[in-house]
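# A look at the structure
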Amino acid sequence: MKYFLLTLLTFLLIGASPDDARKANEAYHNGNYAKAISLYKQAINDNPKNAKLYFNLGSALAKAGKNKAAIRTLEQFKSMVDDPKLDAKANYNIGNIYSKAKKWDKAVTSYKKSLRHMVMDFDAKHNFELAKQKEQQQKKKKKKQQQQGNKQQNKSNQNQQNQPQNKNRKNQQNRQQDQQNKQNPQQNKQQQQQRNRMSKAEAEKILKALEQKEKELLKQFKKRNVESSPDKNAKDW
């Protein structure tokens, strides 16, 4: 079964260039869409009022990937016909073009228009349901992406708000410290002098201890010299 496949209208041309239209159809079925487009355009130049040529040209343009031109040509075809079934066929092809481009919302709209006049068309029903399902999935995905984007944006905004607060708090602390230093210069000076006196006292204490140690060593040295010297009053036998 064929889904998302473009259809052609088969017909016999009355008037100019029937060979061009027939060759265009052959080129289309053989996959030579560039040649088919050229031949359809030649046929339209010879027979501009033949609406079916526009339908087939639109299908060939779509196959060649020229979606905008294809839709424009099919819309032109719709304006040239009064038959609801032909209009439905054009909408069916437009729906297929949008489906190929994954523009599911527009595809759903086109299939709805087609089904108004082709209620029993199984392909149109199937494509409509499939496009509707894809559209819902696309909406859910887009909504999820938006939620994630909003979450990241809120987190970024929160971080930006916190940074100035932290900076302001730190600046305020520095200002308070500077203010305290300005308000108590005498106290700061006294504290510095006290630290200096403590350092001097500690140095004097260490120096006295060294001097005392030196005296003790000198005293011990003298004592050893006295004990080791000979007794001058001893008798010589």
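Structure's up top.
Keep in mind the model is a prediction, meaning the values are calculated, not measured.

## So, the nonpolar core
Formed by 40 residues in total, the largest nonpolar core has its most connected members in Tyr40 and Phe77. Looking at this core, the elements that each hand over two or more residues are helix 1 (18-29), helix 2 (33-46), helix 3 (51-63), helix 4 (67-80), helix 5 (84-100), helix 6 (104-117) and helix 7 (122-183). Ranked by residue count, the leading element in this core is helix 3, at eight residues.

## Section: the pattern of salt bridges
The full count for this structure, using the stated rule, is three salt bridges. Its salt-bridge partner being lysine 78, residue glutamate 75 comes within 3.4 Å of it at the nearest N-O pair. Of this pair, glutamate 75 and lysine 78 both sit in helix 4, three residues apart, roughly one helical turn. On the basis of relative accessible area, lysine 78 is assigned to the buried category, the value being 15%. Between lysine 139 and glutamate 135 there is a salt bridge, with the nearest N and O atoms lying 3.6 Å from each other. Placement of both lysine 139 and glutamate 135 in helix 7 is noted, with a separation of four residues, approximately one turn of the helix.

Rules used throughout
Residues numbered from 1 in each chain as written. Predicted model: local features only at pLDDT ≥ 70, side-chain atom pairs only at ≥ 80, totals over all residues. Heavy atoms only, no water. Core = buried A, V, L, I, M, F, W, Y, C linked by side-chain atoms within 4.5 Å. Buried < 20%, exposed > 50% of the residue type's maximum accessible area, 1.4 Å probe, protein only. Helix = DSSP H or I, 4+ residues; strand = E, 2+ residues; numbered from the N terminus. Salt bridge = Lys/Arg side-chain N within 4 Å of Asp/Glu carboxyl O.

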